[in-house]
Amino acid sequence: MTARDDVLARVRSALHTATPRPLVAPDQPASRSPETVSGTSDATRGGATSGLVDLFEERVADYRAVVVRCTEAEVADAVRHGLADSGTVVVPDGFPDDLLGLPTGARRVTDDGLDAHALDAVDAVVTLATVGIAETGTIILDHGTGQGRRALSLVPDRHVCVVRADQVVADVPEAVTLLDRSGAATRPMTWISGPSATSDIELDRVEGVHGPRTLHVVIVV
Amino acid sequence: MPPFPQAAHTALADTQLRSNLRHATHTIRDKRQRVVDEVDQWEALRTKGAQVKDDMLAHLDEHLLTLEASLTARGAIVHWARDAAEACAIVAQVATDHGVDEVVKVKSMATQEIELNEALAAQGIAAWETDLAELIVQLGDDLPSHILVPAIHRNRSEIRQIFLDHMAGSGRPAPADLTDEPRELAGAARLHLREKFLRAKVAVSGANFAVAETGTLVVVESEGNGRMCLTLPEVLISVVGIEKVLPRFADLDTFLQLLPRSSTGERMNPYTSMWSGITPGDGPQEVHVVLLDNGRTNVLADEVGRQALRCIRCSACLNVCPVYERTGGHAYGSVYPGPIGAILVPLLKGVGHDAQVDSLPYASSLCGRCYEVCPVKIDIPEVLVHLRAEVVDAHRDGWPTGMDLAMRATSVLFADPGRMSLAVKASGVANRVVAGLTGLPGVHGRSLPGGRAAIGRLPGPGAAWSDARDLPVPPRTSFRTWWTQTHGGRDETAGGRS
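As the structure is a computational prediction, the values presented were derived from the model and not from experiment.

Procedures and definitions
- Residues numbered from 1 in each chain as written.
- Chains lettered and ligands numbered in written order.
- Predicted model: local features only at pLDDT ≥ 70, side-chain atom pairs only at ≥ 80, totals over all residues.
- Heavy atoms only, no water.
- Helix = DSSP H or I, 4+ residues; strand = E, 2+ residues; numbered from the N terminus.
- Buried < 20%, exposed > 50% of the residue type's maximum accessible area, 1.4 Å probe, protein only.
- Contact = heavy atoms within 4.5 Å.
- Areas by Shrake-Rupley, 256 points an atom, 1.4 Å probe, with all protein chains shown as cover.
- Lys, Arg positive; Asp, Glu negative; His and termini not counted.
- Charge placed at Lys NZ, Arg CZ, Asp CG, Glu CD.
- Buried area = accessible area lost by both parts, 1.4 Å probe.
- Salt bridge = Lys/Arg side-chain N within 4 Å of Asp/Glu carboxyl O.
- Polar contact = N/O pair within 3.5 Å; in protein donor to acceptor, adjacent residues only side chain to side chain.
- Nonpolar A, V, L, I, M, F, W, Y, C, P; charged D, E, K, R; others polar.
- Pairing = 2+ DSSP bridges.
- Core = buried A, V, L, I, M, F, W, Y, C linked by side-chain atoms within 4.5 Å.
- Axes fitted to C-alpha atoms, helices over the stretch in contact; angles between N-to-C directions.
- pLDDT = per-residue confidence, 0-100.

1. Structural notes on the overall build of chain B
Turning to step 1, where the next piece is worked out: Along chain B, the regular secondary structure elements total 24 helices and 13 strands.
Turning to step 2, where the next piece is worked out: If one aligns the C-alpha atoms of chain B with their principal axes, the spans along those axes are about 95 × 55 × 50 Å.
Turning to step 3, where the next piece is worked out: When each of the 498 residues of chain B is scored for burial, the buried share is 57%.
Turning to step 4, where the next piece is worked out: If you take every contact in chain B between residues at least 6 apart in sequence, the share linking residues at least 24 apart comes to 70%.
Turning to step 5, where the next piece is worked out: Carbon together with sulfur atoms contributes 55% to the accessible area of chain B, which is approximately 20300 Å² in total.
Turning to step 6, where the next piece is worked out: When the 50 positive and 59 negative side-chain charges of chain B are each reduced to one mean point, those points stand 8 Å apart.

The following block contains the structure:
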């Protein structure tokens, strides 16, 4: 018998011998059917789009990321500002040229299969995003056009991310539904909530361990 | 490992440990409470999480087959492992096939449970832990003491010393002028590990969730070490317990709300990675998934204990547990400490053949806080009581214990009113003797809340019981004698009140 057959046989035998007990205690109010749970907080339910963007901005900033809001025409300047004094910037395929502003003297690096060491020598990365979640201040990359493969937004120490206001949804369930319907579910994905952080030393939060130590989010309204 | 009461005694004597633990558990439990209070349907969310897991477990075989098919279709190689030895052998074989003598690791409870690092070391393969806390534990040749923050028992100056003493032995040394500032310590870890990430060919991870319909594995983390391991190496091996399956991608909505808030007390953890098999041009181009049983089907077969398989390893139960807060994780003698460990370990390993495992269901005051904070509503106290019964049952066919004899004697007395009456009279005498003991040297009198006198420690065979409990000093007259003398309290009332 292979391990596979054996494990499956054990699972079936366990399910056969043990009858699962009902989960919800009888005194639980029936009106709160779990099926109806979707949005989680009053702050995000039924809010107007501008309210959502406000909340998104506030929650991203809460993680000590830098957040700026600007119009389409101002994006290139905001990106240039976000890149600060970076000398080399990797720009993924499909990142729109009209949104790209590079600091004076900065060199644009194209990802032609850079290996890990080459990527480690790059100062910053600029990407688009797929979804923003207001309630949790989360940016989701599905690593499609303008977002680059996963390593690009990981190894360089500074990540400038451009999110459009119409990409911002209220909460986690909305984001999951959107990704599920759009077929992104089988793509590699990275959910980013603030810069890399650790609380492993006496639970003191320290930003910046292995991922980008600076996260700069540009919201386009 | 010694049984829990013995290990707990050692831990309780360590005042540094107790102060580190108190600070850490209180900080994290307060953070959790703040972000849980933000969610107005938290209770309904917990119920949904429990229900999704229960429904999944009821059809676990089907979901595992779906997961296997989805992963295979996405280019992953699926392995099955009955136990720890098989799982370790699979990982070692993949590493050996690629001719590597080191792998980088994402923090994973499953790989700790199967003692993968030790198994790889035996094959001459170094397994580098890359989570900061796991690095501290590994460099200090120590054991993890918490599911989420394994180095919770260490403070900053201890960590600084570990880095200075041991980093050089396994790669880039710590800077000589390293201070105990957490930012500097994290910086030293960043530099030390970066060279390992950049050269690693093979990585090993676990998974927080495995979505059957899409073959998506999910790893939730904070530091980015997970992303490094999941993205940069050529080969990725993920060891996944069979209970980690979620049927649909849509089920993630519930768990990505429950897990970060319960675990680190954040609205969302900094990084969540999802991947499904192989993506050309992005990340590892050879992906293995090891589906691990290692006792999980035993848990599944236990009607009461099955709910433990809902566990998403958030560690909220550890942070609120009055026992864990004082003893720390090492006293539990397992990679799964705290309330969840006290049920999971006996369920996975079975009771009746290891004194250490059998002691775990008793490592609790049954206060119930663990149940209140559990994001998937595991009724830990219920399972603890159930396991205590199993431990007692497992030891029935040997010599009767002191408790068995006491219970038998009680049963003889209770069966006959005459015998009972005689015994009660005798007990009045005995009570006066016991009460008198409090005055003897070596027997320490105490007082209980409410002012009633208590005996701190009994001599002789009573010591085993009174070691961890205060015995109230018995009244000098029995209830029956009092009833007869006062006519049910009427005479006493008449005389005592004006």
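2. Observations regarding the interface of chain B and chain A
Turning to step 1, where the next piece is worked out: Listed per partner, the contact involves 93 residues of chain B and 80 residues of chain A.
Turning to step 2, where the next piece is worked out: With both chains or domains summed, chain B and chain A bury close to 7800 Å², and 57% of this area falls on carbon and sulfur atoms.
Turning to step 3, where the next piece is worked out: The interface formed by chain B and chain A contains twelve salt bridges.
Turning to step 4, where the next piece is worked out: As a salt-bridge pair, Arg190(B) and Asp157(A) come within 3.1 Å of each other at their nearest N and O atoms.
Turning to step 5, where the next piece is worked out: Counting the contacts that link chain B with chain A gives 34 residue pairs in polar contact (both at pLDDT 80 or more).
Turning to step 6, where the next piece is worked out: Considering every element that reaches the side of chain B that touches chain A, the biggest residue donor is helix α10 (residues 182-199) of chain B, with ten residues.
Turning to step 7, where the next piece is worked out: Residues of the side of chain B that touches chain A, tallied by class, amount to 42 nonpolar, 23 polar and 28 charged.
Turning to step 8, where the next piece is worked out: In this sheet, strand β9 (residues 271-276) of chain B lies alongside strand β9 (residues 189-192) of chain A in antiparallel orientation, the contact comprising four bridges. Among the inter-strand pairings, Met189(A) is bridged to a residue of β9(B), identified as Met274(B).

3. Considering the nonpolar core
Turning to step 1, where the next piece is worked out: Residues Trp191(A), Phe163(B) and Ile343(B) are the most contacted members of the largest nonpolar core, which totals 152 residues.
Turning to step 2, where the next piece is worked out: The contacts of Phe163(B), once residues within four sequence positions are left out, are Leu132(B), Leu135(B), Ile136(B), Leu139(B), Ala174(B), Leu178(B), Leu185(B), Ala188(B) and Ala189(B).

4. Remarks on the pattern of salt bridges
Turning to step 1, where the next piece is worked out: Applying the stated criterion across every chain yields a total of 41 salt bridges over all chains.
Turning to step 2, where the next piece is worked out: One salt bridge connects Arg156(B) with Asp204(A), and the closest N-O pair in it is separated by 3.2 Å. Of this pair, Arg156(B) sits in helix α9 (residues 156-166) while Asp204(A) sits in the loop between β10 (197-198) and β11 (206-207), placing the two residues on different chains.

5. Examining the sheet that holds strand β8 (residues 168-169) of chain A
Turning to step 1, where the next piece is worked out: Strand order in the open sheet formed by eight strands is β8(A)-β5(A)-β6(A)-β9(A)-β9(B)-β6(B)-β5(B)-β8(B), and the pairing between neighbours is mixed. Whereas interior strands pair on both sides, the edge strands pair on one side only; in this sheet they are β8 of chain A together with β8 (245-246) of chain B.
Turning to step 2, where the next piece is worked out: Bridge count between strand β5 (residues 209-211) of chain B and β8(B): two bridges; the pairing is parallel. Bridge pairing in β8(B) links Ala210(B) to Val245(B).

6. Topic: the packing of helix α2 (residues 15-37) of chain B against helix α12 (residues 252-263) of chain B
Residues and elements named next belong to chain B.
Turning to step 1, where the next piece is worked out: Interhelical geometry of α2 versus α12 gives an angle of 145° and a closest axis separation of 7 Å. Listed contacts from α12 to Ile28, Arg32, Val35 and Val36 of α2 are Arg261, Ser262 and Ser263.
Turning to step 2, where the next piece is worked out: Of the residues that constitute the contact of α2 with α12, the class distribution is three nonpolar, two polar and two charged.

7. Observations regarding the confidence of the model for chain A
Turning to step 1, where the next piece is worked out: Overall, the prediction assigns chain A a mean pLDDT of 89, with 87% of residues at 70 or greater.
Turning to step 2, where the next piece is worked out: Confidence drops under pLDDT 50 across residues 26-48 of chain A; counting only partners more than four residues distant or on other chains, this segment forms 38 contacts.

8. Brief notes about the side chain of Arg149(A)
Turning to step 1, where the next piece is worked out: Its place among the elements puts Arg149(A) in the loop between β6 (138-141) and β7 (158-164).
Turning to step 2, where the next piece is worked out: Residue classification places Arg149(A) among the buried positions, given a relative accessible area of 19%.
Turning to step 3, where the next piece is worked out: At 2.8 Å, the side chain of Arg149(A) forms a polar contact with the backbone oxygen of Leu114(A).
Turning to step 4, where the next piece is worked out: For Arg149(A), the contacting residues outside a window of four places in its chain are Asp111(A), Gly113(A), Leu114(A), Leu119(A), His143(A), Gly281(B) and Asp282(B).

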